[in-house]
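Here are the chains, one letter per residue:
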Number of protein chains: 2
Amino acid sequence: MTKIPYKIYLEEKEMPKQWYNVRADMKNKPAPILNPATLKPVTKEDLKPVFCDELIDQELDDTTPYIDIPEEIHTFYKMYRPSPLVRAYFLEKALDTPAKIYYKFEGNNTSGSHKLNSAIAQAYYAKQQGLKGVTTETGAGQWGTALSMACSFFGLDCKVYMVKVSYEQKPFRREVMRTYGADVTPSPSDTTQVGIKILEEFPGTTGSLGCAISEAVEAAVTNEGYRYVLGSVLSQVLLHQSVIGLETKTALDKYGIVPDIIIGCAGGGSNLGGLISPFMGEKLRGERDYRFIAVEPASCPSLTRGKYAYDYCDTGKVCPLQKMYTLGSGFMPSANHAGGLRYHGMSSILSQLYADGLMEAVSVEQTAVFEAAQKFARVEGILPAPESSHAIRAAIDEALKCKETGEAKTIVFGLTGTGYFDMTAYQKFNDHEMTDYIPSDADIEKSLSKLPKID
Amino acid sequence: MTKIPYKIYLEEKEMPKQWYNVRADMKNKPAPILNPATLKPVTKEDLKPVFCDELIDQELDDTTPYIDIPEEIHTFYKMYRPSPLVRAYFLEKALDTPAKIYYKFEGNNTSGSHKLNSAIAQAYYAKQQGLKGVTTETGAGQWGTALSMACSFFGLDCKVYMVKVSYEQKPFRREVMRTYGADVTPSPSDTTQVGIKILEEFPGTTGSLGCAISEAVEAAVTNEGYRYVLGSVLSQVLLHQSVIGLETKTALDKYGIVPDIIIGCAGGGSNLGGLISPFMGEKLRGERDYRFIAVEPASCPSLTRGKYAYDYCDTGKVCPLQKMYTLGSGFMPSANHAGGLRYHGMSSILSQLYADGLMEAVSVEQTAVFEAAQKFARVEGILPAPESSHAIRAAIDEALKCKETGEAKTIVFGLTGTGYFDMTAYQKFNDHEMTDYIPSDADIEKSLSKLPKID
């Protein structure tokens, strides 16, 4: 039997040439997205002032299974891809489990995560359209960093609205973005009407993601030659992220490995959706069965405790609505939540798959997540991002079940990124000051009571 | 002709099984190291209270060309090695140069640099000897992080004395070390006699590397079952780091590539020495000629402006003396120096090779280094460590010379690590607040006047 190496690297010629659009194989398609002004299904024309033309096509296309990766993007992918599929021999040994554990590691690039896979695609299409630049928002800065790198590569302007509290308290990611030439503005700012209005109403506010989105969208529609781009949730993002799953599948196939369980953390769903897409395609086409597990924080449990309903994608209600598992667009995880994945909703693709019983979901508490992160770091040598560590937690839990039952299951999980810019959270954990928080049913019901009334 | 891929990854079975000890091929061996108490060549017995037994043998062995990499270390190397040899196609295009540029990238591990290559070896031999733990000092924290990871893997205690100003101002690396279970103490501290004495004399001091070394050595010799370990300068460290050069050579040989110039940044010399070792071996044996360029900061120019003489390896004068290019053990680079490579001396191996005219050296100023770093980050997608960026600067300069002359030279440089924990320096650069500093001849003469009188 071939010995499986510690790290499976594909050759460049084995890298995918096309993205896979899982919607093409879904019998129940995700519900159409709605125009926030009319609450009717959006048309391409509705979206044109905000999004790039080609990306609108990708967003609305639920029938084409494979979409060519343009040559320039494929070349850029060679800068940091293929990413390794790692056999977690050290972790298996530490857990003393018969399970075989693999993880697809997306953190070996300066953005520190998988976000770059979609950032470069979105920047490319903006450049192709002849635009001057793009606008976006960022919280802690992973997406903003990825987009800055992508824009720098294509010589596009990149305007990032960064939540003010992060801008001030997490200056390092801000400096990475600036090193890549991005224009980073703390939000709310006086550069937009919506920012000025918010500052008048709440002079001392430290900002929110919802506010930053509103500013970024305004900056896109009011500046000639700019469009707005988004790093998760959208179906186009899952399409681009399918490169993760396609590489994973090719690597597994090379060694004849068939996973039993595929696990990913889920905030907006971009990594999980990208990782599972080609495997889900096989399941949808009835070719092979897998267990898929979405892992979300107990403090922001959209799949496990949210409602499947139409909701706004942003707090500011300027983006289209989509049908998804949601906690309500006004839902905010508790302030003690350090582990990322703070989004109130879930990708409409993943939501539909979950509603159809094709995928499972679990929620985990953050101290358990950081325990898993620390164990993983010590044996596998990679300090994981808090987000990724949700998947580690679930993978360890499944491997420990195998230890009990004696089953040698094959577990694959997505390790989305590194935690080098999250050391404040690790410090809390190291100092035993990290706490857990689970929202009450009343909290969630209150937030869900404000959902828009759409059937 | 075979197209060279963007990244050349060796297979696991192609990884080196032995380290290469370049001293075996040197006609003029490095001068023997001296006992600081007697100023006589050290014996193994002299070193035993401070260093691990096996590492002393490696330190003193200047005749054995190849030394087996123990199986456990080889297995650990598989966690993050082989590291990629990257063809800098994007950089070549940006420079519009006929030169072919390659870099060996050592930053894809949580320590963020090549330091882990020696840390795991040193931790292994400490474990083999049955020790409880090791002590060391760290400035910004790269070496401390690497050693923490290595000790965590083997279940060894790791006591790190971290220069107090770094401990307080750069808490993130400290937290990485703590996540790996290291005991990190701000130096000077009240845990050692030397620390207490310094605190009495200078109550407000924020510490120095020299002081931290003295504390770490005291902690090693006064705690049963501990030894002191060091991350650069020593010949054993260059031996372990030869894994960089051996992998590089195997990767180049696979594609029939013969470098003309090999470039590395040089502080204590561990990366440069490791990278060039096997190539230097060929040159020493008369098999092939290469140009080797050591790149050092203009603010700490030990090779280009120092003296080849016996000197103390540490400010506290507790470590053995070695003959090396030095600026004097009391030399401190200007406070405005942000770019690493602050060591006053140079590996005795590299010093001898330089004295024998087998290697060149250049010094570069830090704003030029950060300009190169930014250019590189934007086209190659990796945000480099300031240290590594010295090599990037020199590689770009050589590639631009090729552009002038039209020569298609092959340039290989060492990209030792990433700059994710150096964003304060990048911020200075982004804000145009970074300045250059070149010490005056008088400054250097003054420092050199305090060299010990040994012939």
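About the cut-offs
- Residues numbered from 1 in each chain as written.
- Chains lettered and ligands numbered in written order.
- Predicted model: local features only at pLDDT ≥ 70, side-chain atom pairs only at ≥ 80, totals over all residues.
- Heavy atoms only, no water.
- Helix = DSSP H or I, 4+ residues; strand = E, 2+ residues; numbered from the N terminus.
- Rg over C-alpha atoms; globule rule 2.2 N^0.38 Å.
- Buried < 20%, exposed > 50% of the residue type's maximum accessible area, 1.4 Å probe, protein only.
- Contact = heavy atoms within 4.5 Å.
- Buried area = accessible area lost by both parts, 1.4 Å probe.
- Salt bridge = Lys/Arg side-chain N within 4 Å of Asp/Glu carboxyl O.
- Least-squares fit on C-alpha atoms with pLDDT ≥ 70 in both.
- Phe/Tyr/Trp six-rings, centres within 6.5 Å; stacked < 30°, edge-to-face > 60°.
- Lys NZ or Arg CZ within 6 Å of the ring centre and 35° of its normal.
- Arc of directions from axis to C-beta.
- Pairing = 2+ DSSP bridges.
- Right-handed = clockwise from strand over helix to strand, strands pointing away.
- Domains from an automatic or database assignment.
- Polar contact = N/O pair within 3.5 Å; in protein donor to acceptor, adjacent residues only side chain to side chain.
- Axes fitted to C-alpha atoms, helices over the stretch in contact; angles between N-to-C directions.
- Parallel < 35°, antiparallel > 145°, perpendicular 65-115°, else oblique.

### Regarding the overall build of chain A
Alright, step 1. If you tally the helices and strands in chain A, you get 18 helices and 15 strands.
Alright, step 2. Over its C-alpha atoms chain A spans a radius of gyration of 21 Å, differing by no more than 12% from the 23 Å that the globule rule assigns to 455 residues.
Alright, step 3. With the principal axes as the frame, chain A shows a C-alpha extent of 65 × 50 × 45 Å.
Alright, step 4. A burial count over chain A gives 66% of its 455 residues as buried.

### Quick notes on the interface of chain A and chain B
Alright, step 1. Each side of the interface is counted separately: chain A has 43 residues, and chain B has 43 residues.
Alright, step 2. Taking both sides of the interface into account, the surface hidden between chain A and chain B amounts to around 4000 Å²; carbon and sulfur atoms contribute 57%.
Alright, step 3. Counting every contact that joins chain A to chain B gives 2 salt bridges.
Alright, step 4. Close ionic contact of B:R178 with A:D431 constitutes a salt bridge, the shortest N to O distance being 2.8 Å.

### Some remarks on the pattern of salt bridges
Alright, step 1. Enumeration over the complete set of coordinates arrives at 44 salt bridges over all chains.
Alright, step 2. Between A:K283 and A:D289 there is a salt bridge whose closest N-O contact spans 3.2 Å.

### As for the relation of the copies chain A and chain B
Alright, step 1. Rotating chain A by 180° and moving it 0.0 Å along the rotation axis overlays it on chain B with an RMSD of 0.0 Å. A rotation of that kind, with that shift, is consistent with a two-fold axis. No C-alpha of chain A lies nearer the rotation axis than that of A:N108, which sits 3.1 Å from it.
Alright, step 2. When the interface residues of chain A are mapped onto chain B, 100% of them again fall at the interface, so both copies present the same face.

### So, the packing of aromatic side chains
Alright, step 1. Under the definition given, this model contains 45 aromatic pairs over all chains.
Alright, step 2. With 5.2 Å between their ring centres and 70° between their planes, A:Y124 and A:Y125 make a pair best called edge-to-face.
Alright, step 3. For A:Y125, a relative accessible area of 7% translates into the label buried.
Alright, step 4. The cationic tip of B:K3 hangs over the ring face of B:Y89; the distance from NZ or CZ to the ring centre is 4.3 Å.
Alright, step 5. If you follow B:R174 out to its NZ or CZ, it ends over the ring of B:Y167, 4.7 Å from the centre.

### Notes on the side chain of B:Q122
All names here are of chain B.
Alright, step 1. Turning to its location among the elements, Q122 is positioned in helix α5 (residues 116-128).
Alright, step 2. Q122 gets classed as buried once you look at its relative accessible area, which sits at 1%.
Alright, step 3. Those residues in contact with Q122 that sit more than four places away from it in its chain are L55, W143, V229, L230, Q236, V237 and H240.

### Some words on helix α2 (residues 53-60) of chain A
Side chains of residues three or four places apart in an α-helix project in the same direction, reflecting 3.6 residues per turn.
All names here are of chain A.
Alright, step 1. Of all the positions in α2, only L55, I56, Q58 and E59 are classed as buried. Buried residues of α2 fall within an arc of 160° about the axis and therefore sit on the same side.
Alright, step 2. Buried residues along α2 sit in contact with β2 (18-20), α1 (44-47), β3 (66-68), α5 (116-128) and α11 (235-254).

### Observations concerning the pairing of strand β7 (residues 157-163) of chain A
Residue and element names in this part refer to chain A.
Alright, step 1. Of all 7 residues making up β7, 6 are buried, and the element is well covered by its neighbours.
Alright, step 2. Looking at chain direction, strand β6 (residues 133-138) and β7 are connected through 6 bridges and run parallel. Within the sheet, the bridge partner assigned to T138 lies in β7 and is M162.
Alright, step 3. The handedness of the β6 to β7 crossover, carried by helix α6 (residues 142-154), is right-handed.

### Thoughts on the domain arrangement of chain A
Residue and element names in this part refer to chain A.
Alright, step 1. Entries for chain A in the domain assignment read domain 1 (7-14 + 81-112 + 236-448) and domain 2 (18-68 + 113-233).
Alright, step 2. Relative to domain 2, the C-alpha centre of domain 1 lies at a distance of 22 Å.
Alright, step 3. Each partner contributes residues to the interface: domain 1 has 51 residues there, and domain 2 has 51 residues.
Alright, step 4. Of the roughly 4300 Å² buried between domain 1 and domain 2 on both sides combined, carbon and sulfur atoms contribute 62%.
Alright, step 5. Here domain 1 and domain 2 share 1 salt bridge between them.
Alright, step 6. In this structure, the salt-bridge partner of D25 is R285, at a minimum N-O distance of 2.9 Å.
Alright, step 7. Put simply, domain 1 and domain 2 have 19 residue pairs in polar contact (both at pLDDT 80 or more) between them.
Alright, step 8. Elements with a minimum of two residues in the side of domain 1 that touches domain 2: α11, α12 (270-284), β12 (307-312), β13 (321-326) and α14 (348-355).
Alright, step 9. Ranked by residue count, the leading element in the side of domain 1 that touches domain 2 is α11, at 10 residues.

### Description of the sheet that holds strand β9 (residues 226-228) of chain B
Residues and elements named next belong to chain B.
Alright, step 1. With parallel pairing, the 4 strands of this open sheet are ordered in space as β8-β7-β6-β9. Unpaired on one side and paired on the other, β8 (183-187) and β9 mark the two borders of the sheet. Between one strand axis and the next, the sheet turns by 25° as a mean value, whatever way the strands run.
Alright, step 2. Here 5 bridges tie strand β7 (residues 157-163) to β8, and the two strands are oriented parallel to one another. Opposite V160, over in β8, you have V184 as the bridge partner.
Alright, step 3. Against the sheet, helix α6 (residues 142-154) engages β6 (133-138) and β7, with an angle of about 165° to β6.

### Focus on the sheet that holds strand β11 (residues 291-297) of chain B
Residues and elements named next belong to chain B.
Alright, step 1. Strand order in the open sheet made by the 7 strands is β1-β4-β5-β15-β10-β11-β14, with mixed pairing throughout. Here the strands that pair on one side only, and so sit at the sheet edges, are β1 (7-8) and β14 (360-364).
Alright, step 2. Strands in contact with helix α12 (residues 270-284) are β10 (261-265), β11 and β15 (410-415); relative to β10, the strand with the most contacts, it is inclined by about 155°.

### A few points about the environment of A:L95
Alright, step 1. Among the structural elements, A:L95 can be located in helix α4 (residues 89-95).
Alright, step 2. Contacts of A:L95, omitting those with residues within four sequence positions, involve A:I101, A:K375, A:I396, A:A399, A:L400 and A:K403.

### Here we look at unusual backbone geometry
Residues and elements named next belong to chain B.
Alright, step 1. The peptide bond linking R81 to P82 adopts the cis configuration, its omega dihedral lying at -10°.
Alright, step 2. Along the polypeptide, P82 turns up in the loop between α3 (71-80) and β4 (85-87).
Alright, step 3. For the bond from S187 to P188, the omega torsion is 5°, close enough to zero to count as cis.
Alright, step 4. Tracing the backbone shows P188 in the loop between β8 and α9 (193-201).

### Quick notes on the packing of helix α2 (residues 53-60) of chain B against helix α11 (residues 235-254) of chain B
Two quantities define a packed helix pair, namely the angle between the helix axes and the distance between the axes.
All names here are of chain B.
Alright, step 1. In contact at an axis separation of 7 Å, α2 and α11 are set at 90° when each is read in the N-to-C sense. It follows from the interaxial angle that α2 and α11 lie roughly perpendicular. Residues L55, Q58 and E59 of α2 form the contact with α11, whose own contacting residues are S235, Q236, L239 and H240.

### A few points about the environment of A:F202
Alright, step 1. Along the chain, A:F202 turns up in the loop between α9 (193-201) and α10 (209-222).
Alright, step 2. For the pair A:F202 and A:Y20, spaced 182 residues apart in sequence, the C-alpha to C-alpha distance is 45 Å.

### A closer look at the side chain of B:T97
Residues and elements named next belong to chain B.
Alright, step 1. Position of T97 among the secondary structure elements: in the loop between α4 (89-95) and β5 (100-105).
Alright, step 2. The class of T97 is buried, set by a relative accessible area of 11%.
Alright, step 3. Those residues in contact with T97 that sit more than four places away from it in its chain are E92, A399, C402 and K403.

### Considering helix α8 (residues 171-179) of chain A
Residue and element names in this part refer to chain A.
Alright, step 1. With 7 of 9 residues buried, α8 is to be regarded as a mostly interior element.
Alright, step 2. Here α8 has its buried residues at F172, R173, R174, E175, V176, M177 and T179.
Alright, step 3. Immediately beyond the C-terminal end of α8, within one or two residues, lies G181, with a positive phi of roughly 85°.

### Describing the environment of A:V22
Residues and elements named next belong to chain A.
Alright, step 1. Tracing the chain through its elements places V22 in the loop between β2 and α1.
Alright, step 2. What makes V22 buried here is its relative accessible area of 4%.
Alright, step 3. Remark: the alpha-carbon pair of V22 and L284, spanning 262 residues in sequence, is separated by 8.9 Å.
Alright, step 4. Discounting chain neighbours no more than four positions away, the residues touching V22 are S277, M280, G281, L284 and I349.

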